[in-house]
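Residue strings, one per chain:
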Amino acid sequence: MGVPEGWEWDDTLFLGAAPHYVRGRLPYAPGVAELLAEVLALDGRGRLLDVGCGPGTLALDLAPLFVEVVGVDPDSGMLAEAARRAGAGAGAGEGAAGMEAKTRWVRARAEELPLGLGTFTVAAFGQSFHWMDRELVAATVRDMLRPGGALLHVADLKTETRTAAGLPHPPVPHAAVDELIRRYLGPVRRAGRGVLPYGTPGGEHAVLGRAGFAGPEHHVVPGGQALERGRGDIRAWVFSMSSSAPHLFGDRRDEFEADLDRLLRAASPASGLFSERLPSTEIVVWRKRSTRAGSG
């Protein structure tokens, strides 16, 4: 139940991806903060721990709901981008000074917690939990939560089908882009210096139950909004992923980019634009039990 089978974490997992992340990745559906404010009765006085925070995507969106936000990530480039965005006032309902003052960015792996960071009202994992030693991290984070605290797993809803039907531009040619990446990087998904022969692990519910959490409570924030994406956005999406981070292409990166540009020009020759629908966002809430399961 630890890190993905057949793979060992290393510090190149998202090397070079940070500058591409915010532009390339699709945002969470609008309304995530409002739903959490209601479900968790957040009033701006608690503390948020964002584990595997990346460039602060989730932390900055949720920052107005808390008095302090701490983001933890092992990638220095991601944390630099998070700090830059906080300084620019990214997020909802906060000025630059207020956002910068209430956010803190800590370079560390989740397995190194608690790091003297104190206790928190909410701990959030935005599509990051599967990269960690989940048993260890779940138990540690549980002990870092205040009584009545909550652990959140936030991700795109994987069970919905999204199409660009009825939208003004061609769909993003995901399958063709994936095939191009495989031509350069091989048939098995890359991840840092290693590969993921069996994908990322499941069984999250069992892990969190054993760690002493009650749940899960499932919530979905609907997406479906039409998005317009240019060739630069698609290139950024490719380089934002651990499986196709810039360093993996080595001295063939320029060659890959040229092939990718040709593919995208052929897929949308008239405007160079693509249409895509925003995915819905699934939020899974786990509540801290007063005692660990099985401890009486």
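What you see is a predicted model, and the numbers here were worked out from it, not measured in a lab.

A few words on the packing of aromatic side chains. For the structure on display, the rule yields 8 aromatic pairs. One aromatic cluster is present, built from ring pairs that chain together Tyr-184, Phe-239, Phe-249 and Phe-256. Here the guanidinium or amino end of Arg-47 rests over the ring plane of Phe-120, the centre of that ring lying 4.2 Å away. The positively charged end of Arg-253 is found above the aromatic ring belonging to Phe-239, 4.6 Å away from the centroid.

So, on to the pairing of strand β4 (residues 120–126). With 6 of 7 residues buried, β4 is to be regarded as a mostly interior element. Inspection of the sheet shows strand β1 (residues 46–51) paired to β4 by 3 bridges, in the parallel sense. From the neighbouring strand, Leu-49 faces β4, where its bridge partner is Ala-123. As a crossover connection, the stretch from β4 through helix α6 (residues 134–144) into strand β5 (residues 145–156) is right-handed.

Cis geometry marks the peptide bond from Leu-113 to Pro-114; its omega dihedral reads 20 degrees. In this fold, Pro-114 is placed in the loop between β3 (103–107) and β4. Residues Gly-215 and Pro-216 are joined by a peptide bond in cis, for which omega reads 5 degrees. Here Pro-216 shows up in strand β8 (residues 213–221). Backbone geometry places Ala-41, a non-glycine residue, at a positive phi of 55 degrees. Under the relative-accessibility criterion, Ala-41 is labelled exposed at 61%.

Moving on to helix α10 (residues 253–267). Its 15 residues give α10 an end-to-end C-alpha distance of 21 Å, which sits within 8% of 21 Å, the value for a rise of 1.5 Å per residue. Along α10, the residues that are buried comprise Phe-256, Asp-259, Leu-260, Leu-263 and Leu-264. What you see down the axis of α10 is that its buried residues fit within an arc of 135 degrees, all on one side. Turned more than 90 degrees away from the buried face of α10 sit Asp-254, Arg-262 and Ala-266, all of them exposed. Elements in contact with the buried residues of α10: α7 (174–185), α9 (231–239) and β10 (273–277).

Take the pairing of strand β11 (residues 281–288) next. Burial analysis of β11 places 6 of its 8 residues in the buried class, which makes it a mostly covered element. Pairing of β5 with β11, which is carried by 7 bridges, proceeds in the antiparallel orientation. Bridge pairing in β11 places Leu-151 opposite Trp-286. With 7 bridges connecting them, β8 and β11 associate as antiparallel partners. Residue pairing in the sheet places Ala-214 in a bridge with Arg-287 of β11.

With that settled, consider the packing of α9 against α10. Look at α9 against α10: their axes get within 11 Å of each other, and the N-to-C directions meet at 135 degrees. Of the possible angle classes, the one that applies to α9 and α10 is oblique. Remark: the crossing between α9 and α10 carries right-handed chirality. In this structure, α9 uses Arg-231, Ile-234, Arg-235, Val-238 and Phe-239 to contact α10, whose residues at the interface are Arg-253, Phe-256, Glu-257, Leu-260, Asp-261, Leu-264 and Arg-265.

With that out of the way, let us pick up the nonpolar core. Side chains of nonpolar character tend, in soluble globular proteins, to be buried together. Membership of the largest hydrophobic core comes to 33 residues, with the highest contact counts inside it found for Leu-36, Leu-40, Leu-62, Phe-66, Trp-105, Leu-152 and Ile-283. Ignoring any residue separated from it by four or fewer positions in sequence, one finds Leu-62 in contact with Val-32, Ala-33, Leu-36 and Leu-48. Counting 26 residues, the second largest nonpolar core, distinct from the first, contains Val-106, Val-137, Val-141 and Leu-208.

Cut-offs used in this document
Residues numbered from 1 in each chain as written. Predicted model: local features only at pLDDT ≥ 70, side-chain atom pairs only at ≥ 80, totals over all residues. Heavy atoms only, no water. Phe/Tyr/Trp six-rings, centres within 6.5 Å; stacked < 30°, edge-to-face > 60°. Lys NZ or Arg CZ within 6 Å of the ring centre and 35° of its normal. Buried < 20%, exposed > 50% of the residue type's maximum accessible area, 1.4 Å probe, protein only. Helix = DSSP H or I, 4+ residues; strand = E, 2+ residues; numbered from the N terminus. Pairing = 2+ DSSP bridges. Right-handed = clockwise from strand over helix to strand, strands pointing away. Expected span 1.5 Å × (residues − 1). Arc of directions from axis to C-beta. Contact = heavy atoms within 4.5 Å. Axes fitted to C-alpha atoms, helices over the stretch in contact; angles between N-to-C directions. Parallel < 35°, antiparallel > 145°, perpendicular 65-115°, else oblique. Left-handed = near helix turned anticlockwise from the far one by under 90°. Core = buried A, V, L, I, M, F, W, Y, C linked by side-chain atoms within 4.5 Å.

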